[in-house]
Amino acid sequence: MLGREHRLRQPELFRAAIRKGKRAGNLELVVHVWTGEATTQGRLVGFVVPKKVFRRATDRNRAKRRLRHFMRERLQILPDNSITVVRVLPGLTDPSSPTLETSLDDALRRALRKIERMKEVA
């Protein structure tokens, strides 16, 4: 599981990461990574799994648990003092899907590539 010190819980930081962060996604999920102006210490990760995607709470919680597990293994590739939000889309049909990990890797890699390009330009 993702450690308590890495869990994003403040609604205003969720909104800031979604509005201001670099975004990349696919049919199943979208990853927002925000590095600017973040007042955090360390790397924070949050998850959004709406009722529109999974009506049952057990399915939403299963998807969040799996995503927390996958993100714990990927914390070291996130930038320092960054906020990452993983948002599940209606394209995800099964919360225990084996493609969830590959979708996360793909979206995360593309979002981080956008951040690197932004740093090169500045």
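Residues numbered from 1 in each chain as written. Predicted model: local features only at pLDDT ≥ 70, side-chain atom pairs only at ≥ 80, totals over all residues. Heavy atoms only, no water.

## Overview of the overall build of the protein chain
What the protein chain contains, in helices and strands, is three helices and four strands. The globule rule puts the C-alpha radius of gyration for 122 residues at 14 Å, and the 14 Å found for the protein chain is close to it. Taking the principal axes of the C-alpha coordinates as reference, the protein chain spans close to 45 × 25 × 25 Å. Classification of the 122 residues of the protein chain by burial places 46% in the buried group. A fraction of 82% describes how many contacts in the protein chain between residues 6 or more apart in sequence connect residues 24 or more apart. Carbon and sulfur atoms make up 49% of the accessible area of the protein chain, which totals about 7,000 Å². (Helix = DSSP H or I, 4+ residues; strand = E, 2+ residues; numbered from the N terminus. Rg over C-alpha atoms; globule rule 2.2 N^0.38 Å. Buried < 20%, exposed > 50% of the residue type's maximum accessible area, 1.4 Å probe, protein only. Contact = heavy atoms within 4.5 Å. Areas by Shrake-Rupley, 256 points an atom, 1.4 Å probe, with all protein chains shown as cover.)

## Focus on the environment of H6
Within the fold, H6 resides in the segment before α1 (11-20). Along the chain, H6 and R74 lie 68 residues apart, while their C-alpha atoms are 12 Å from each other. Apart from residues no more than four positions distant in its own chain, H6 is found in contact with R43, L44, V45 and L75.

## A closer look at the side chain of S82
Its place among the elements puts S82 in the loop between α2 (57-74) and β4 (83-88). By relative accessible area, which is 0% here, S82 ends up buried. Among the polar contacts listed, one links the side chain of S82 to the backbone oxygen of P79, at a separation of 2.7 Å. (Polar contact = N/O pair within 3.5 Å; in protein donor to acceptor, adjacent residues only side chain to side chain.)

## Here's the deal with the pairing of strand β3 (residues 44-48)
Where burial is concerned, most of β3 is hidden: four out of the five residues are buried. Across five bridges, the pairing between β3 and β4 is parallel. Its bridge partner lying in β4, V48 is registered against R87. Once the chain exits β3 it traverses α2 before rejoining the sheet at β4, and the crossover so formed is left-handed. (Pairing = 2+ DSSP bridges. Right-handed = clockwise from strand over helix to strand, strands pointing away.)

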